[in-house]
Amino acid sequence: MTFPIPDSRWHWLVQDATSELVLDVGDGQPIATAISCRHLRDKGLQTASFSVAQTQLYMELLENPALTPLQENDGFAFLILINAIAAAFFHKEVAAKNWHYQVNALSKQTFAAHELAAVESKYAQCDVLLLSQHGAFFNCLLLQALQLDEQKHLPMFTLIKVSDDRLFDFSGQCLTQFG
């Protein structure tokens, strides 16, 4: 698969049947995102064109050498790009809930937006894409599901916010779990 290039046919819409944000790329088969209506910044959003700023972010992520490991599976990489753009432009602000994630006391590595990293809960590790940095905190897109405790699981492509001392090196687990 080669990555499609955004054009004027691309637009976002909220699907009534599922109450989730989808991207219609003009082929009649909308691509679902992980963003439900309750997570939208604009609760009244029904449709929006794929903007120049979104195209710019799409191309920036697509050409980012730090994301090269994701291109082992083009389909997965494309879903990551779409969910990252949807989260960056449409998802409401999320609060940092650092108590769910382990501290990385050993790492001296610094992280930056649009890089790959991982977070760890008491129960599991999860690869993430760092979307944006706000001081010592990062908005991160989960690249696989993550178990937080005995009962709470976060699905793939959930947006979380964690401090930089909770980030670990990218593990690559997401690449083996997506088939």
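Conventions used here
- Residues numbered from 1 in each chain as written.
- Predicted model: local features only at pLDDT ≥ 70, side-chain atom pairs only at ≥ 80, totals over all residues.
- Heavy atoms only, no water.
- Helix = DSSP H or I, 4+ residues; strand = E, 2+ residues; numbered from the N terminus.
- Buried < 20%, exposed > 50% of the residue type's maximum accessible area, 1.4 Å probe, protein only.
- Phe/Tyr/Trp six-rings, centres within 6.5 Å; stacked < 30°, edge-to-face > 60°.

(A) Representation of unusual backbone geometry. Here the phi dihedral of H114 falls at roughly 70°; this positive angle occurs in a residue that is not glycine. Topologically, H114 is positioned in the loop between α2 (74-90) and β5 (116-120). Phi at F157 is positive, roughly 75°, even though this residue is not glycine. In this structure, F157 sits in the loop between β9 (153-154) and β10 (159-163). Residue classification places F157 among the buried positions, given a relative accessible area of 10%.

(B) Representation of the environment of F76 within the structure. Position of F76 relative to the elements: it lies in helix α2. Here F76 falls in the buried class, since its relative accessible area comes to 1%. In this structure, the C-alpha to C-alpha distance between F76 and C174, residues 98 residues apart in sequence, is 9.4 Å.

(C) Molecular detail of the packing of aromatic side chains. Counted according to the given criterion, the structure contains seven aromatic pairs. Ring centres of Y58 and F78 lie 6.5 Å apart, and the angle between their planes is 80°; this geometry places the pair in the edge-to-face category. Of this pair, Y58 sits in helix α1 (residues 52-62) while F78 sits in helix α2, and the two are 20 residues apart along the sequence. Residue Y58 is classed as buried on the basis of its relative accessible area, which comes to 0%. Consider the rings of F76 and F157, whose centres lie 6.3 Å apart with planes at 35°: the pair is tilted. With F76 in helix α2 and F157 in the loop between β9 and β10, the pair connects residues that are 81 residues apart, well separated along the chain. Here F76 and F157 have matching classes, each one buried. One aromatic cluster is present, built from ring pairs that chain together W10, W12, F50, Y58, F78 and F90.

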